[in-house]
Amino acid sequence: MARVLLVAAFTTLGGAFFRAQVLRNEEFVLRSESNRLREVPLPGARGIIYDRHGQIIAENLPGYSVSILSPTVDSLRSALRSLSRVIEIDSAQQVLAVRRFRAAPTRPAVIFNDASFQVVSVLEERRAEFPGLIIQSAPKRYYPDAQAVAALVGYTGEISEKQLAMPRYEGYKAGQQVGREGLEMQYEEQLRAREGSRFVEVDARNRVVRDNGVRAEVPPEAPPPLRTNIDLDLQRYAHEYFGDSLRGAVVALEPETGGVLAIYSAPSYDINRFIGGVSSSYYRELQEHKYKPLFNRALSGRYPPASTWKLATAVLGMELGLVTMETHQEQPCTGGYYYGRVFKCWDKRGHGDISLAQAIAKSCDVYFYQLGLKIGLTRLLAGGVRLGFGDSTGIDMPGEKTPIWPASTAYFDRRYGPRGWNRSVVLSLSIGQANNSQTPLNMARFYTALATDGYAATPQVVARTPERKKLFDLSPEQLKSVQLALADVVSRGTAAGAQVQGLTIAGKTGTAQVPPEEDYAWFVGYAPADKPKIVLAIIIEEGLHGSTAAKVATKLMERYLKTKLTMNAVPTD
Amino acid sequence: MAAPGILRRQSIDVPLLVTALLLTVFGLAMVFSAGQTDMPDKGLETLWQRQLAFFGVAMAATWVITRGSVRLIEWSAWPLYLMACIMLLLLQFLGSGAGTAASTKQWLTIGGVRLGQPAELAKLATTFMLARVLASQRDTVTSMRELWKPLLVVAVPWVLVLATKDLGTALTFIGICFAMLFWAGVPWPVLLMLASPGISLVLAFSTGVWGAWFLILVALVLWYRPYLLEGVVLVVANVVMGVVAPVLWDKLKPYQQQRFLVFLDPSVDAQGSGYNVIQSQVAIGSGGLFGKGFTLGSQKRLNFLPEQQTDFIFSVVGEELGFVGVVVALSLFLALFLRSTRIAVRAADAFPSLVAFGLMSAWFVHVMVNVGMTLNLMPVTGIPLPFFSYGGSFLLVSWLAVAVLLRISAEGRGQADALGL
């Protein structure tokens, strides 16, 4: 009896061990592995961004990150406390480290994304005092021409809690870098660093016992580089020209393909200072800056297009068969036009009896008032929509603002009430004023159609198949006459002062009234006039007159075309 | 009967001795392994040497004991018992705890020096005393009233041990008591009735289960027909237990309640009281069929395993030597117990037979509770594993028991069924 009980008891016990050790072995092996092994991410480098000639817009420099493995928030806090006795960690960084730990407790909590060499050497020296400390190389983003490309590439930063919850960032982990603004954000998926991993063995108190060789390391992978249509030299030149005194924006496109040659917004800022976490003082400085450097004027700035828009009026009039370049209007320009009240021409002296070509060259308002009246409000509004003034361009950049253009008269009813406006608004609209606000980008897009065959190209920063869309229906002869008129603007019209030796440039100036500020200066054009290679839109805030903008624009175009010529002169083998 | 006082060479119980030696060597190896960690701990590393020294002392004591006769043990039962009880009483004033059981008073401590655990000695002494009382009881026991003497013998040290808050050892006393009563031929209905208030206490957590148990008990009482008074007392005792249990539960200290809840589900407090058991299970389970290799258990090396040199030493066996190692260890224990039972069967008369069975049952309770605990089959009570767990007085007492068994075996060889079983 006693023996039977003994054998039975031991068999039961043995059975329990059999179940745990043989049947449930895998499950427990897994648990013991997750007990002792900690995955330490190996940060990878983001994809390099090149311009069209293979010059580097964004690259990576070697850097160091410092993180710490902790089992609990309390132990992390005490580790941070003891670290702060050796190196400088301000309370904001401590709070951040704790937040990172809470978001991903099994990963080492990052203390410094980009630690200085001095910090790293101090910590390496006293490593034994800080079990769980992990110092490793972490490539950091670097922009060789930071100021010139700020509006274009954006910058990178640590992923926020809000972003972590978004479907776009599924699979991202706290502490990882993510593109903010510009190309970095737009092409995040391509540029994203492919993180590797290694394993360290820790004991029950999360002290690192063995650093390597515990399990095979997965090296980080480099994503393929991103090739853009940008001409970095032009970006640099634009930055140089705007300097510290001017503010505004430049957009340059290839007329046939829509390839973006340059996107620049001034005043600019140093995106390199955003890498590894922007200091709060610099960020505050930028935010409180009078001229808002963080505002991307090229895509988000909406300005009254002023006279640069007169080409739209002209094109619509020609499409309807109302005018040709030779047509004169009934009333010559005497400095103003009476329609319920006096609508002034910008030149009080008046332009006299002129043709459309001359009206474009001299930017005569009175001529366009009359043309606008002939087109009529309804047709003008619908035409503007067709020419793309009510839509964003669809550029592959984040943050583009949709221009403001009334789609129909209902817009005015809604805005001012049925009796709050009258149809004389068509006069203001036909010279690019009133309820019309365009981004420099959208104006550049419109001019790609004028520079070519009536097809506008969608602006593309990253090289892709061009997308073109027919905007208007003009015969080749009609188009030719428009282009000649635009060339006249620079050769003897409002932009005559901006002529460049050996280069024919076509384009239109504009002077936008933005009270209470001084007038804003526009120029949208292309060059060479006979065989356009570059379409460029520029706005200079408080530039007083379009001719100011024209001078900068022609310099930029010249620069682009001359360097392009030299580049082409180099034999390619 | 073999010639008393002389242990002839051929009368040594070789299987018993070899099994006990193998277990001790196995245990020493595990104590050595327990000291091999990745964060070297001087104290832990040298434990096996101290354990080896204790083993030397134990061997010397064993040799001395085997010189003496069983009658000498029978004669010394009274003084030993009295001494043990006095020492247990002294613990109330001089006791101190250690390790995970810091709040208890298990250790006799004088001037800060821990001299030993009197409860270990008390187990031996109580076994002898109980054997003596039961052996003198000639008639077959048919009622609980006739058991007052043996019950009192166990109750005195049991209460004293409970007073030191050493729950595990207290449990061992109950195990020894029932095993020896069973061996002495007390009919199972009586044993069951004796145990019934305790069973009621446990089952009282579920009214339905307790109700069913109560009906069975009433049926048993009606069928077995004990004295009326006994029957009434029994039924009343069960009702009281069933009713007071929940009240008693509330009176338990939070850590005691926690221990019980963790036993039911360790994950209720995975970082706290459930941590030990979970890590022990992980260690054993990850050992697999052949283990991670001697001294190479990662759970142990990296300090995930708690108390790997004492309470959870069997987890080290499971992790490093795998299921094979576990089977070998358990087989050795089973062999030891079967051999001890055989010695009890073949003992010269009732006293040595009861002593042999009592010693075996004490070990048995230790092994079941300790090994069961590592897989969460038993609540964590902190009682050590014989021959394995590090601890001087425990190893000494275990070997004293071996010595007594060797002596009983030598004196009783060839004479089966001393008790007429």
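Residues numbered from 1 in each chain as written. Chains lettered and ligands numbered in written order. Predicted model: local features only at pLDDT ≥ 70, side-chain atom pairs only at ≥ 80, totals over all residues. Heavy atoms only, no water.

Right, let's talk about the interface of chain A and chain B for a bit. Counting from both sides, the interface comprises 29 residues of chain A and, opposite them, 44 residues of chain B. Across the interface of chain A and chain B, roughly 3,000 Å² is buried in total on both sides, 77% from carbon and sulfur atoms. Among the residues of chain A in contact with chain B, Phe-10, Phe-17 and Gln-21 of chain A are the three that bury the most area, contributing 24% of the side total. Counting across the chain A and chain B interface gives zero salt bridges. Summed over the shared surface of chain A and chain B, the number is eight residue pairs in polar contact (both at pLDDT 80 or more). (Contact = heavy atoms within 4.5 Å. Buried area = accessible area lost by both parts, 1.4 Å probe. Salt bridge = Lys/Arg side-chain N within 4 Å of Asp/Glu carboxyl O. Polar contact = N/O pair within 3.5 Å; in protein donor to acceptor, adjacent residues only side chain to side chain.)

What follows deals with the pattern of salt bridges. Residue and element names in this part refer to chain A. Per the counting criterion, the structure on display carries 37 salt bridges over all chains. Across the pair Arg-36 and Glu-33 runs a salt bridge whose closest N-O atoms are separated by 3.0 Å. Remark: Glu-33 and Arg-36 occur in helix H2 (residues 25-36); sequence separation between them is three residues, near one turn of the helix. Judged by its relative accessible area of 16%, Arg-36 is buried. Across the salt bridge formed by Asp-233 and Arg-559, the nearest N and O atoms sit 3.1 Å from each other. (Helix = DSSP H or I, 4+ residues; strand = E, 2+ residues; numbered from the N terminus. Buried < 20%, exposed > 50% of the residue type's maximum accessible area, 1.4 Å probe, protein only.)

For the rest of this paragraph, the subject is the sheet that holds strand S3 (residues 113-116) of chain B. Each strand in a sheet pairs with another by means of backbone hydrogen bonds, the pair being arranged parallel or else antiparallel. Residues and elements named next belong to chain B. What the three strands build is an open sheet, ordered S1-S2-S3; its pairing is antiparallel. If you trace the sheet from one side to the other, it starts and ends with strand S1 (95-96) and S3, each paired once. Taken together, the two bridges between S1 and strand S2 (residues 107-110) define a ladder with antiparallel strand orientation. Across the sheet, residue Ser-96 finds its bridge partner in S2, namely Trp-107. (Pairing = 2+ DSSP bridges.)

Right, let's get into the environment of Ser-116 of chain A. All names here are of chain A. Inspection of the secondary structure puts Ser-116 in the loop between strand S5 (109-115) and helix H5 (117-125). Since its relative accessible area comes to 37%, Ser-116 is described here as partly exposed. The spatial distance from the C-alpha of Ser-116 to the C-alpha of Val-66 is 10.0 Å, given a sequence separation of 50 residues.

In this section: a nonpolar patch on the surface. Residue and element names in this part refer to chain B. Among the surface-exposed residues, Trp-78, Leu-82, Ile-86, Leu-90, Phe-93, Leu-94, Ile-110, Val-113 and Leu-115 lie close enough to one another that they form a single nonpolar patch of about 890 Å² accessible area. The leading source of residues in the nonpolar patch is helix H4 (residues 70-94), at six residues. By the element assignment, Leu-115 lies in strand S3. (Patch = residues over 30% accessible without salt bridge, like charges linked within 9 Å, V, L, I, M, F, W, Y side chains within 5 Å. Areas by Shrake-Rupley, 256 points an atom, 1.4 Å probe, with all protein chains shown as cover.)

Function-wise, these values are silent; they only describe arrangement.
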